[in-house]
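These are the residues of each chain, in order.
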Amino acid sequence: MEPKSRRIRRIFIRFLLFGVSILLLCYVYVVTVFSTAGDGVFSVFSGGGGGRKAFVLGGGLIVEGFLSPTSKTLAVSSGGRGQDVFALREIGVPDSIGVSNKPSPPLVASGHPLNQPFHDDTFDFAFVGRGSFEKSTNPPRLASEIGRVLKPEGFVAVHTSSAGDHYSFNSLLDIFNCCRLVRSREIDGLGSSALREVVLQKREPDAPRIDADSVNTCSVPDYKRELVRSAEPLITEEPLKPWITLKKNIKNIKYLPSIVDISFKRRYVYVDVGSRSYGSSIVSWFKKQYPKNNRTFEIYAIEADPAFHTEYKTKKGVTLLPYAAWVRNETLQFEINGDPDKKHDEKGGRGMGRIRPSESSSDSTAAAIPGFDFAEWLRSTVSETDYVVMKMDVEGTEFDLIPRLFETGAICLIDELFLECHYNRWQRCCPGERSSKYEKTYWQCLELFSSLRESGILVHQWW
């Protein structure tokens with residue numbers, strides 16, 4: 001006969017196995033895993049028909065005092081059935097709610113993340129999971145809404161896989177202008193790619209901030225200066241056939257979106273200064289060759305020559321400024337000159353136009369056109385949270401416009417500059433002779449490019 005103690009042990013084991021089975025059945029859809037690796041990362045894995053998706057929350061957030069059991073907490077863009085909210089509640093933060101345009105009561109409230117249904121200064125803590133910013137149609141607006149509903153001195157933790165380089169990381173900080181950086185670190189994504197966890201704290205309303213728009217000068221940040229080191233080398237020797245050498249050089253250009261992540265920007269803007277016809281650089285180069293990373297760019301075409309203005313009326317997505325980019329608002333003289341070194345535009349062999357101050361022109365056939373302060377226009381049109389690409393081909397006026405951009409601080413608003421520098425080139429028609437159209441030399445142009453790069457401006461030689 002079986003001893004009584006053995007029967008009790010067998011019955012106990014059966015009950016234990018039964019209990020384990022019940023627990024497993026309860027968590028068929030959601031399995032909660034506490035990991036003891038590293039800093040104590042807490043994960044929630046969801047399965048089922050929707051596939052397998054992970055939300056990773058840093059247990060260290062509680063240890064470090066950013067999050068507490070009494071925190072009123074928001075999970076932004078809570079996907080699926082609110083797995084991230086479930087995780088927050090499981091680690092001991094019961095007053096947690098998610099917001100999504102695909103609600104899942106009671107965990108996730110209905111509301112668009114860009115227009116959240118909460119009062120100002122509501123939450124002590126906000127969690128933004130992986131992909132929320134990357135998939136947002138307006139990351140700066142999302143950051144602004146998070147800042148609005150967050151209490152002063154409240155914390156926001158952002159998990160992202162798109163802030164791995166200094167450029168994108170600082171772009172993320174720029175759109176959270178309500179907050180200060182507390183810390184940033186990489187955390188284990190538990191089988192997926194590494195994540196960056198960025199923790200920020202909302203400032204008090206009267207906390208002092210430096211307003212970049214209140215001063216004219218600017219200082220290019222170090223993270224932008226680092227990008228210049230990744231740029232293709234400048235052509236240091238004057239090319240004998242510049243019209244061929246400079247055009248071939250476009251293949252060597254390392255475009256900024258191929259080096260860094262440009263996700264965290266308010267707008268994407270392309271400014272073509274000296275655009276000429278729509279089919280010139282806008283279509284043949286920017287639309288076809290520049291890597292846009294699935295972003296829609298606003299396009300500004302600045303062209304003083306009236307011969308090209310009509311065609312822009314039928315072009316969608318392009319804003320024409322029919323004026324001459326200049327250093328102040330004044331009337332200028334616009335002259336059309338033929339140039340044997342320059343390929344004429346496809347429309348009727350139109351020569352290249354040059355601008356001159358009215359008092360400096362003795363040509364009575366030159367047309368009077370309005371010029372505008374280009375640097376001030378740029379300052380009023382874009383901001384540091386925008387991604388700005390500029391092409392400048394202004395027939396020698398670059399030696400006036402570039403210093404003005406530095407003087408006003410507008411140069412810091414340009415992320416990537418493609419500049420054609422005009423000098424007394426060798427002529428194709430006449431071997432051994434230089435064009436008399438421009439006074440500058442190639443070495444003066446090289447000095448201009450070098451000084452731009454030394455100042456931290458990512459500039460490329462245009463043709």
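Keep in mind the model is a prediction, meaning the values are calculated, not measured.

Draft legend 1. Molecular detail of the overall build of the protein chain. For the protein chain, the helix and strand inventory stands at 13 helices and 20 strands. When each of the 463 residues of the protein chain is scored for burial, the buried share is 51%. Long-range pairs, those at least 24 residues apart, make up 70% of the contacts in the protein chain with a sequence separation of at least 6. Counting every atom, the protein chain has about 22,500 Å² of accessible surface; 53% of that belongs to carbon and sulfur.

Draft legend 2. Region of interest: helix 9 (residues 279–289). Along helix 9, the positions that sit buried rather than exposed are S281, I282, W285 and F286. Each buried residue of helix 9 sits inside an arc of 125° when the element is viewed along its axis, so together they form one side.

Draft legend 3. Summary view of the state of the cysteines. Inspection of the entire model under this criterion finds 1 disulfide. A sulfur-sulfur distance of 2.1 Å marks the disulfide that ties C421 to C445. Between C421 and C445, the S-S torsion sits near -80°, and that sign places the bridge as left-handed. You can see C421 sitting in the loop between strand 19 (416–419) and helix 13 (442–454) and its partner C445 sitting in helix 13, a full 24 residues away along the chain. C421 sits in the buried class, given a relative accessible area of 5%. Using a relative accessible area of 3% as the deciding quantity, one classes C445 as buried.

Draft legend 4. Structural detail: the side chain of E398. Its place among the elements puts E398 in helix 12 (residues 398–408). Take E398: its relative accessible area is 0%, and that puts it in the buried class. Among the polar contacts made by the side chain of E398, one reaches the main-chain amide nitrogen of G396 at a distance of 3.0 Å. Side-chain polar atoms of E398 contact the backbone nitrogen of H422, separated by 2.7 Å. Beyond its immediate stretch of four places on either side in the chain, E398 contacts M392, P403, L419, E420, C421, H422 and L448.

Draft legend 5. Representation of unusual backbone geometry in the model. In this model, P105 is joined to P106 through a cis peptide bond whose omega is 0°. Relative to the helices and strands, P106 is located in the loop between strand 5 (96–100) and strand 6 (108–110). In this structure, R276 is a non-glycine residue whose phi angle is positive, near 55°. Here R276 shows up in the loop between strand 11 (268–273) and helix 9. The backbone of E395 shows a phi angle near 55°, a positive value even though the residue is not glycine. Secondary-structure assignment places E395 in the loop between strand 18 (387–392) and helix 12.

Draft legend 6. Quick look at the sheet that holds strand 5. Across the sheet, which stays open at both edges, the 7 strands sit in the order 6-5-4-7-8-10-9 with mixed pairing between neighbours. Pairing within the sheet leaves two strands with one partner each, and these edge strands are strand 6 and strand 9 (179–187). Pairs of neighbouring strands in the sheet enclose a mean axial angle of 25°, with direction left out of account. Sheet contacts for helix 3 (residues 83–90): strand 4 (73–76), strand 5 and strand 7 (123–128); angle to strand 5, the most-contacted strand, approximately 170°.

Draft legend 7. Representation of the packing of helix 11 (residues 374–381) against helix 12 within the structure. Their axes nearest at 9 Å, the elements helix 11 and helix 12 cross at an angle of 45°. Overall, the two elements helix 11 and helix 12 adopt an arrangement that is oblique. Considering how the two elements wind past one another, helix 11 and helix 12 form a crossing that is right-handed. Contacts between helix 11 and helix 12 involve F374, A375, E376, L378 and R379 from the first element and L401, R404, L405 and T408 from the second. Looking at the contact of helix 11 with helix 12 residue by residue, the class counts come to 5 nonpolar, 1 polar and 3 charged.

Draft legend 8. Layout of the side chain of E303. With respect to the helices and strands, the residue E303 is situated in the loop between strand 12 (298–302) and helix 10 (309–312). Despite its burial, E303 remains without a salt bridge, the nearest opposite charge being carried by R276 at 5.6 Å. A polar atom in the side chain of E303 sits 3.4 Å from the backbone nitrogen of S275. Leave out the neighbours within four places in its chain, and E303 touches G274, S275, R276, F308, H309, L320, L321, P322 and Y323.

Draft legend 9. Region of interest: the nonpolar core. F374, M392 and L405 are the most contacted members of the largest nonpolar core, which has 49 residues in total. Ranked by residues supplied to this core, first place goes to helix 13 with 6 residues. Beyond its immediate stretch of four places on either side in the chain, F374 contacts V271, V273, I302, A325, W326, M390, M392, L401 and L405. Counting residues in hydrophobic clusters, the runner-up holds 28 residues, among them Y268, F308, Y387 and L458.

Draft legend 10. Representation of the sheet that holds strand 11 within the structure. Pairing is parallel in the open sheet, where 6 strands are placed in the order 13-12-11-18-19-20. The sheet is open, and its two edges are formed by strand 13 (318–321) and strand 20 (459–461), each paired on a single side. Neighbour to neighbour, the strand axes of the sheet diverge by 15° on average, direction disregarded.

So, how was this worked out
- Residues numbered from 1 in each chain as written.
- Predicted model: local features only at pLDDT ≥ 70, side-chain atom pairs only at ≥ 80, totals over all residues.
- Heavy atoms only, no water.
- Helix = DSSP H or I, 4+ residues; strand = E, 2+ residues; numbered from the N terminus.
- Buried < 20%, exposed > 50% of the residue type's maximum accessible area, 1.4 Å probe, protein only.
- Contact = heavy atoms within 4.5 Å.
- Areas by Shrake-Rupley, 256 points an atom, 1.4 Å probe, with all protein chains shown as cover.
- Arc of directions from axis to C-beta.
- Disulfide = S-S within 2.5 Å.
- Polar contact = N/O pair within 3.5 Å; in protein donor to acceptor, adjacent residues only side chain to side chain.
- Pairing = 2+ DSSP bridges.
- Axes fitted to C-alpha atoms, helices over the stretch in contact; angles between N-to-C directions.
- Parallel < 35°, antiparallel > 145°, perpendicular 65-115°, else oblique.
- Left-handed = near helix turned anticlockwise from the far one by under 90°.
- Nonpolar A, V, L, I, M, F, W, Y, C, P; charged D, E, K, R; others polar.
- Lys, Arg positive; Asp, Glu negative; His and termini not counted.
- Salt bridge = Lys/Arg side-chain N within 4 Å of Asp/Glu carboxyl O.
- Core = buried A, V, L, I, M, F, W, Y, C linked by side-chain atoms within 4.5 Å.

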